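Reading the structure
Below are the chains, spelled out letter by letter.
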Amino acid sequence: SEAAAHVEPIGEAMPSIGSIKHREGDCRACLCFASLEGCAAGASCRFCHFPHPHVGGRHRLSKSKRQRLQRMFAQNYSLLASSASVE
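What counts, and where the lines are drawn
Residues numbered from 1 in each chain as written. Predicted model: local features only at pLDDT ≥ 70, side-chain atom pairs only at ≥ 80, totals over all residues. Heavy atoms only, no water. Salt bridge = Lys/Arg side-chain N within 4 Å of Asp/Glu carboxyl O. Buried < 20%, exposed > 50% of the residue type's maximum accessible area, 1.4 Å probe, protein only. Phe/Tyr/Trp six-rings, centres within 6.5 Å; stacked < 30°, edge-to-face > 60°. Helix = DSSP H or I, 4+ residues; strand = E, 2+ residues; numbered from the N terminus. pLDDT = per-residue confidence, 0-100. Contact = heavy atoms within 4.5 Å.

1. Here we look at the pattern of salt bridges
As a working rule, side chains carrying opposite charge can pair if their charged atoms are close by. For the structure shown, the criterion picks out 1 salt bridge. Residues aspartate 26 and lysine 21 are paired through a salt bridge, measuring 3.9 Å at the closest nitrogen-oxygen approach. Accessibility expressed as a relative area gives 45% for lysine 21, which makes it partly exposed.

Structure (structure tokens):
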């Protein structure tokens, strides 16, 4: 396919498949690439590995992850409060 022809030179010049349309501004930044772990998909990642300006606020966790963290915090807080009252 035509897209596969563009994928061949991936390396320093084109770090990922998703980076192909970076110059036109028609790409989406890979959130994992900038993390400490890096992007596990590497060159086959469908998101752009070039630097992007930070737009908007911080990345927001999904509702389910926020709720899970709230439950974990509440559980740990109650454990800390109960252990503090025992001493």
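There's more to say after this.
2. Quick look at the packing of aromatic side chains
One pass over the full model with this rule turns up 1 aromatic pair. Here phenylalanine 73 and tyrosine 77 contribute two aromatic rings whose centre-to-centre distance is 6.1 Å and whose plane-to-plane angle is 25°, an arrangement assigned as stacked. Of the two residues, phenylalanine 73 and tyrosine 77 both sit in helix α2 (residues 63-86), 4 residues apart, roughly one turn of that helix. Neither phenylalanine 73 nor tyrosine 77 differs from the other in exposure class; each is exposed.

3. Side note on the confidence of the model for the protein chain
With 77% of its residues at a pLDDT of at least 70, the protein chain reaches an overall mean of 78. When the criterion is pLDDT under 50, residues 1-10 qualifies, and its contacts beyond four places in sequence or with other chains add up to 8 contacts.

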